[in-house]
Amino acid sequence: MGPVKRGLLVAVLVVCGVAAAQEVWEHAGAEAVNKELNKPGLIDRGRYLAIAGDCQACHTQPGGTPFAGGRAMEIPLLGTLYTSNITPDLHQGIGGWSLEEFDRALREGIGRDGEHLYPAMPYASYAVITDDDVRALYAYFLFGVKPVHQAPPENEIRWFLKPRWPLMIWNGLFLHQKPFEPDPEQSAAWNRGAYLVQGLAHCGECHTPRGVAFQEKAYDETDGGYLAGGPILDGWEAYNITPDPVSGIGQWTADELRRYLKTGHVNGLAQAGGPMAEVIENSLSKMTDADIDAMVTYIRSVPPVGGKAKTPRHGLGVPADGVITLRGNQFHEDIGAGGEDKADGARLYLGLCASCHGVDGMGSRDGYYPSLVHNSTIGALNDNNLRRAIYDGIRRTVDGHEKMMPGFGGQISTVEMKALVKYIREQFGADPAQ
């Protein structure tokens, strides 16, 4: 047999060997799956729990197939993580995972290969999920989701943070949560709300301050600072949602909070953008009224946490009248014909914002275009979310109705953005008493 024939024979044997190994792997993976949980009722329950956990938002890249992973997550100091494929594909997803492996990843942050997961996966919050709900989630992802053969990109992490062994120490220090146990002194609604807020909905992951190791400083209402506002994540700041009347949402009525969670819009108060808009679109708007009411009950019961604010975020600003005098003037005269450093925020507002929010900033009468007066984003101490809303825009679809504000990041310069934000905050976010 000549060298060429021998080479071809070796190649054929290698291909056959790989195919055989693949078949063994698929068989082993299929055997690991707990088929006893393939029950329609359990799958439907898991589908709802996945909605409550907002799994789709993180595990779906923009424009991608649900749960196929690949979404980029910018983590301060660490770098960029790409979410995993959690469809039941045997090779790129979790199709061959046993219930025990699924449980360990979900509640302990340990992957199938024994490698520790980064806590960008909120396993510290999911640790409170009950055994029954873990089984339902497993049934849904293994038997109720279509498999997608797609691998996420490699994580882009700073080289000195790539080793995973420090996460074992992190878990030992901060992962102490156990499956939720109802408080017999509280109502059924309070306990349901506590379970959802602390666990599946993992509200504290964004809305609770972080420590030096980027751990949440509190995981429930018994620890100080719970839901008192978190760091800037993915470009957006999560506000204080404790019942403090000034720094938090203590002046919101239960109905206002309920409407906000279901729709992301309460005129004259708040409109959801960024990650919160996604949470409402993909998760909260699809949850039952009973569960939303339970979450409202619990959130309004946590200890209030004050801050530096002297006036509630939604209690600031007055309608504008100065921009009316600019109408009819040449645009370049008002934004600064002598150079960008003279950009006029009022004229920029009139050109970019007034057509929807009104010359006076009061929005439309029906509230479709929100008022900028008494707006909690504009009245915040930090202008971060206002800048992100102007730069990126806002989009959310609830019950088939889309709310959209275009982003202007590609249309105005840095100096013009600064001037526009300054005008909006001074006009619509200033304390009229000062």
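Check the entry above for the structure.
Residues numbered from 1 in each chain as written. Predicted model: local features only at pLDDT ≥ 70, side-chain atom pairs only at ≥ 80, totals over all residues. Heavy atoms only, no water.

Before going further, it helps to examine the overall build of the protein. The helix and strand inventory of the protein stands at 17 helices and nine strands. Here the protein holds 434 residues, and 47% of them are scored as buried. (Helix = DSSP H or I, 4+ residues; strand = E, 2+ residues; numbered from the N terminus. Buried < 20%, exposed > 50% of the residue type's maximum accessible area, 1.4 Å probe, protein only.)

So, on to the packing of helix α4 (residues 99-108) against helix α6 (residues 131-143). Running from N to C, α4 and α6 point in directions that differ by 110°, and their axes come no closer than 10 Å. Considering the angle they form, α4 stands roughly perpendicular to α6. Handedness of the crossing formed by α4 with α6: right-handed. Every residue of α6 that contacts α4 at L99, F102, D103, L106 and R107 is listed here: D131, V134, R135, L137, Y138 and F141. The residue makeup of the contact of α4 with α6, split by class, is seven nonpolar, no polar and four charged. (Axes fitted to C-alpha atoms, helices over the stretch in contact; angles between N-to-C directions. Parallel < 35°, antiparallel > 145°, perpendicular 65-115°, else oblique. Left-handed = near helix turned anticlockwise from the far one by under 90°. Contact = heavy atoms within 4.5 Å. Nonpolar A, V, L, I, M, F, W, Y, C, P; charged D, E, K, R; others polar.)

This next bit is on the pattern of salt bridges. Tallying each qualifying case throughout the model produces 18 salt bridges. D132 is the salt-bridge partner of R135, the closest N and O atoms lying 2.2 Å from each other. With R135 and D132 both in helix α6 and three residues apart, the pair spans about one turn of that helix. In this structure, the salt-bridge partner of D255 is R259, at a minimum N-O distance of 3.1 Å. Here R259 and D255 lie together in helix α10 (residues 254-263), a separation of four residues that amounts to about one turn. Residue class for D255 comes out partly exposed when judged on its relative accessible area of 38%. Overlapping salt bridges, with partners in common, bring together D255, R258, R259 and D293 in one network. (Salt bridge = Lys/Arg side-chain N within 4 Å of Asp/Glu carboxyl O.)

Under the definition given, this model contains 15 aromatic pairs. Aromatic pair F67 and Y140: ring centres 6.2 Å apart, planes at 85°, arrangement edge-to-face. Remark: Y140 occurs in helix α6 and F67 occurs in the loop between α3 (55-58) and β1 (72-75); sequence separation between them is 73 residues. In terms of burial, F67 and Y140 fall into one category: buried. Judged by centre distance (5.7 Å) and plane angle (45°), the rings of Y349 and Y423 are tilted. Placement of the pair is Y349 in helix α14 (residues 345-352) and Y423 in helix α17 (residues 414-428), with a sequence separation of 74 residues. With relative accessibility at 14%, the residue Y423 sits in the buried group. Through a chain of ring-to-ring contacts, three or more aromatic side chains come together here, namely F67, F102, Y138, Y140 and F141. Lying across the ring of F214, R210 places its NZ or CZ 4.9 Å from the centre. (Phe/Tyr/Trp six-rings, centres within 6.5 Å; stacked < 30°, edge-to-face > 60°. Lys NZ or Arg CZ within 6 Å of the ring centre and 35° of its normal.)

Don't take any of this as a statement about function, it's just geometry.
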